[in-house]
Amino acid sequence: MKHKRLLCCLTAALLLAGCGTADEEHSVVVYAMDTVMELKAYGKNAETALRQAEKELMSLDEKLRRGDESSEIYKINSGGAEVSPETAELIRRGIEIGRSTGGAFDLTIAPVMDLWGFYGGNYRVPDQSEIDRALEKVDYGNVSVDGNYVSVNNGAEIDLGGIAKGCASERVMEIFRENSVTSGIVSLGGNVRALGNKPGGEKWKIAIQNPDGEGYCGTLEVSDAAAVTSGGYQRKFERGGETYHHIIDPETGRSAKSGVKSVTVVSADAALADALSTALFVMGLEKGTQYWRETGGFGVVFVSDNNKIYVTEDIADSFRSDWEFEVLQR
Ligand code: AMP
Ligand code: MG
């Protein structure tokens, strides 16, 4: 009898332990791609999945570091190179999004970024003649991908800063799934990608930063999707009373001045969300809304220069804000 009771207690304890591990949170912070990355996963394989994800992020970082002679991007930018299938695929996607956005997203923006000092942090305002010369090299049409061989022509140089983090978070999701993790979330700078729902079944709540400072200007509820924000406030410098930020209009070679402070794109495809957040920031509200109407697979939150928010109708139900906002119809 005593034995039986002990067995019962043990079974109950094991069941409780079982419940605990099902929802147990594991997290890791990784520094890669010049970004603090926070990864969270739940459940019994979470620790293994996070360890693999961390390794993958470090490996992607090594491949894509444009300033590092041993990186795949450096080798491509030196003329051409056979690269890993992941890098070739990422570049193929970058070119495709370049085409579909009419060049608002251009993965060959590197010579212009360099000119403004965005790589080393030695910020400066270049002359128009320097900008014109750098712009001659900017054209995604100067990049060719043949299998896994990527080459550049006419002095073009690749910069994947506008899409790489989205792609990296998508890779982390794959690793989570391979390990049977069904609930998790990663935040790579302004890039958030959620897997499934929260362990309790609720959707994930993602805050959109107030572009003017502390706190946030709205929240989005998502399930199994990415929410990626591009904002002029994220990297910038000031000279002579002017503010210059890191999102460049490939038409002018200068910080995009399109009437928006930030653009958040929601999509199940984090790489698409990342590239489009950059492209729609360049396009601004009017052209960006037009692009949203003509294409599909994503929703948008625009924060305009006068702090008005515009949300596309497909994600409006999941959006909350104390700020004034308008819903954009199809
Ligand atoms: P994001 O923060 O995702 O908007 O990306 C900004 C980064 O993408 C910059 O730091 C550059 O590396 C790169 N970039 C800037 N302007 C463009 C552009 N028009 N198209 C593609 N990449 C860009
Ligand atoms: Mg982006």
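We now turn to the structure provided with this report. (Residues numbered from 1 in each chain as written. Chains lettered and ligands numbered in written order. Predicted model: local features only at pLDDT ≥ 70, side-chain atom pairs only at ≥ 80, totals over all residues. Heavy atoms only, no water.)

Comments concerning the sheet that holds strand S4 (residues 143–146)
Thinking step 1. Here we have three strands laid out as an open sheet, ordered S3-S5-S4, and antiparallel in their pairing. Since the sheet does not close on itself, it has two edges, and those belong to strand S3 (80–82) and S4, each with one partner. Neighbour to neighbour, the strand axes of the sheet diverge by 10° on average, direction disregarded.
Thinking step 2. Two elements, S3 and strand S5 (residues 149–152), share three bridges in a ladder whose sense is antiparallel. Paired with Glu-82 across the two strands is Tyr-149, which belongs to S5.
Thinking step 3. Helix-sheet contacts for helix H4 (residues 85–100) involve S4 and S5, and the interaxial angle to S4 is about 135°. (Pairing = 2+ DSSP bridges. Helix = DSSP H or I, 4+ residues; strand = E, 2+ residues; numbered from the N terminus. Axes fitted to C-alpha atoms, helices over the stretch in contact; angles between N-to-C directions. Contact = heavy atoms within 4.5 Å.)

Re the coordination of the magnesium ion (ligand 2)
Thinking step 1. Ligation of the magnesium ion (ligand 2) by protein atoms is provided by Gly-162 (O), Asp-274 (O), Asp-274 (OD) and Thr-278 (OG1), these donors lying 2.1 to 2.6 Å from the ion.
Thinking step 2. Between consecutive donor residues of the magnesium ion (ligand 2), the sequence gaps follow G-x111-D-x3-T. Pair noted here: Gly-162 is in the loop between S5 and helix H7 (164–178) and Asp-274 is in helix H8 (residues 270–294), with a separation of 112 residues, a long-range link. (Donors = N, O, S within 2.8 Å, 3.2 Å for Na, K, Ca; no water.)

Here's the deal with the site of ligand 1
Thinking step 1. Close to ligand 1 lie 18 residues, the nearest being Asp-106, Asp-159, Ser-230, Ile-248 and Thr-278.
Thinking step 2. One of the side-chain nitrogen or oxygen atoms of Ser-230 is found 2.5 Å away from an oxygen atom of ligand 1.
Thinking step 3. At 3.1 Å, a side-chain N or O of Asp-274 approaches an oxygen atom of ligand 1.
Thinking step 4. Across the complex, the protein chains shield 95% of the 490 Å² of accessible surface that ligand 1 would expose by itself.
Thinking step 5. The dominant element in the shell around ligand 1, judged by the number of residues it contributes, is H8, at three residues.
Thinking step 6. For the shell around ligand 1, the per-class residue count stands at eight nonpolar, six polar and four charged. (Near = heavy atom within 4 Å. Polar contact = N/O pair within 3.5 Å; in protein donor to acceptor, adjacent residues only side chain to side chain. Areas by Shrake-Rupley, 256 points an atom, 1.4 Å probe, with all protein chains shown as cover. Nonpolar A, V, L, I, M, F, W, Y, C, P; charged D, E, K, R; others polar.)

Overview of the sheet that holds strand S8 (residues 204–209)
Thinking step 1. As summarised here, the arrangement of the three strands in space is S8-S9-S18, forming an open sheet in which the pairing is antiparallel. If you trace the sheet from one side to the other, it starts and ends with S8 and strand S18 (319–320), each paired once.

Focus: the pairing of strand S6 (residues 184–188)
Thinking step 1. Taken across its five residues, S6 has four buried, putting it largely inside the fold.
Thinking step 2. Where strand S2 (residues 35–42) and S6 come together, five bridges link them in antiparallel fashion. Bridge pairing links Leu-39 to Val-186 in S6.
Thinking step 3. By the bridge criterion, five bridges tie S6 to strand S7 (residues 191–195) in an arrangement that is antiparallel. Bridge pairing links Leu-188 to Asn-191 in S7.
Thinking step 4. Counting the residues in the hairpin turn of S6 and S7 gives two residues, including Gly-189, whose phi is positive at 65°. (Buried < 20%, exposed > 50% of the residue type's maximum accessible area, 1.4 Å probe, protein only.)

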